[in-house]
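Residue-level structure breakdown
So the chains spell out like this:
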There are 2 protein chains.
Amino acid sequence: MRFTSEHRLDDGVLEREFTLGEIPGTLWTPESAAPVPLILTAHNNGLPKGDSRLVARARLSAAAGYAVASIDARGCGDRPRSPDEERARADFRRAMQAGAPVDEVFESFIGPLVENAVPDWQTTLDALVELPEIGGPVGYSGWTALGIRLAVAEPRISVAGFFAGGYVPHAQREEARQVTVPLLLLLQWDDEGNPRQRALDLFDAFGSTEKTLHANLGGHLGTPWFEREDGDRFFGRHLK
Amino acid sequence: MRFTSEHRLDDGVLEREFTLGEIPGTLWTPESAAPVPLILTAHNNGLPKGDSRLVARARLSAAAGYAVASIDARGCGDRPRSPDEERARADFRRAMQAGAPVDEVFESFIGPLVENAVPDWQTTLDALVELPEIGGPVGYSGWTALGIRLAVAEPRISVAGFFAGGYVPHAQREEARQVTVPLLLLLQWDDEGNPRQRALDLFDAFGSTEKTLHANLGGHLGTPWFEREDGDRFFGRHLK
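First things first, this report covers the structure right here in the doc. (Residues numbered from 1 in each chain as written. Chains lettered and ligands numbered in written order. Predicted model: local features only at pLDDT ≥ 70, side-chain atom pairs only at ≥ 80, totals over all residues. Heavy atoms only, no water.)

As a measure of interface size, the accessible area lost when the parts come together is often cited. Contacts between the two partners involve 22 residues from chain A and, on the opposite side, 22 residues from chain B. When chain A packs against chain B, close to 1,800 Å² is buried across both sides, 57% of that on carbon and sulfur atoms. Ranking the residues of chain A by area buried against chain B places W189(A), L217(A) and R237(A) at the top, with a combined share of 28%. Inspection of the region where chain A meets chain B yields 2 salt bridges. In this structure, D204(B) and R196(A) form a salt bridge, with 3.3 Å as the shortest nitrogen-oxygen distance. At the junction of chain A and chain B, the tally comes to 11 residue pairs in polar contact (both at pLDDT 80 or more). The dominant element in the side of chain A that touches chain B, judged by the number of residues it contributes, is strand β9 (residues 211-216) of chain A, at 6 residues. Per-class residue counts for the side of chain A that touches chain B are 8 nonpolar, 6 polar and 8 charged. (Contact = heavy atoms within 4.5 Å. Buried area = accessible area lost by both parts, 1.4 Å probe. Salt bridge = Lys/Arg side-chain N within 4 Å of Asp/Glu carboxyl O. Polar contact = N/O pair within 3.5 Å; in protein donor to acceptor, adjacent residues only side chain to side chain. Helix = DSSP H or I, 4+ residues; strand = E, 2+ residues; numbered from the N terminus. Nonpolar A, V, L, I, M, F, W, Y, C, P; charged D, E, K, R; others polar.)

It is worth spelling out the pairing of strand β3 (residues 23-29) of chain A at this point. Residues and elements named next belong to chain A. Across the 7 residues that make up β3, a large majority, 6, are buried. Pairing of strand β2 (residues 14-20) with β3, which is carried by 7 bridges, proceeds in the antiparallel orientation. Note on β3: the bridge partner recorded for L14 is T29. Counting the residues that bridge the hairpin from β2 to β3 gives 2 residues, and of these G21 lies at a positive phi of roughly 60 degrees. Here β3 pairs with strand β5 (residues 67-71) via 4 bridges, running antiparallel. In the sheet register, W28 faces β5, and the bridge partner there is V68. (Buried < 20%, exposed > 50% of the residue type's maximum accessible area, 1.4 Å probe, protein only. Pairing = 2+ DSSP bridges.)

This next bit is on helix α6 (residues 196-205) of chain B. Within α6(B) the residues assigned to the buried category are A199(B), L200(B), L202(B) and F203(B). The arc that holds the buried residues of α6(B), viewed along the axis, is 155 degrees, so those residues lie on one side. On the buried face of α6(B), the contacting elements are α6 (196-205) and β9 of chain A together with α4 (144-153), α5 (170-175), β8 (183-188) and β9 (211-216) of chain B. (Arc of directions from axis to C-beta.)

By themselves these figures say nothing about function.
The structure is reproduced here in structure tokens:
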């Protein structure tokens, strides 16, 4: 793991870019003498780790006392893509914009993206937990489909917060019942891009004995500010 | 309003019984030099204001800085009942215990209970807001059906937290769209006595532009402890 840049924010949070082989990542850590728990965070559908909403949330969670890390896993964010991957991505965007049925194209685009992302996340986790500034349990926050796959594949993930959940590949809908960590599913009630009933069915399917659903009126980008605080408190109950 | 007894709890909360004409009530107030906001609270289906779960929640909310009041409205709690009211209540209990369809008997029992309770709650609110220890906006917490009726009938209610919501009389399901105050609906995902889909439909129907659903795994009595804190924070955003 090689840090390539660092930037100290006004609230003391240290924001560092790193590379790990071909994997580019960002790590946010608070000013803290003691090691802090780690939250891995990813944006839905493999959007870049530099997305402003992800960065804003990560910085606030770091200020609240967590180490937060995000990467562009293989095929995600700004990573180079194969012609097949580019084609699947273009098909998906076209179908979404046309309001056409997206299930099939979604499956062929997001399915492999999730599968291929997991090894990169595990490699990253291996490296992160070796850092002296990181210690304690590990949480996951964000992209639902990747989070399900990671929570099933990776016993170090001990708590998970998921966003949306209307579109999740078939394989992850199936393995949702194998997710048993405490979880919070955050849902926008009128999210145009995430069918509500599918998200509710997914919440029902999770195998966790401790699971909470938060739903708020409004579209995909309308999550109210207090849900970020609720998220921190949720992670606080399990990571601190 | 006549206070008939008072009791100072260990955390400084003052618990007072009162009567207002035929209405018996309890008022919990924190130790505070300044007037505090008021939360009216009622237990689902007109259960007594002395119910231990209601009392426990009221005491904690008072300790968190609210005046909290509950009454046994007409036909509710330990108030005397007419033979017709006793019959409706017995029919309801029998149907619930037998696992029989309860819609019709529920309607004939709870429908009039809600309608008849509202004048008593309004009379109580008139008296409470005159007290020097109470000031600021008014919230409602608890029994969904009564809360809908009160929120529609009573402009002084400026925020509402509802519990369950699977069984709500037809009239209140209809007027849910007239409820426009910020609201939090708290739902137990496997509540045997509250059909989940009806509660979700009710959440969808509310006319409020700011509404939040919290759902947790488990049965009617399984609400996790952190939801009480979440409720206090919800009221805090709107009452303080």
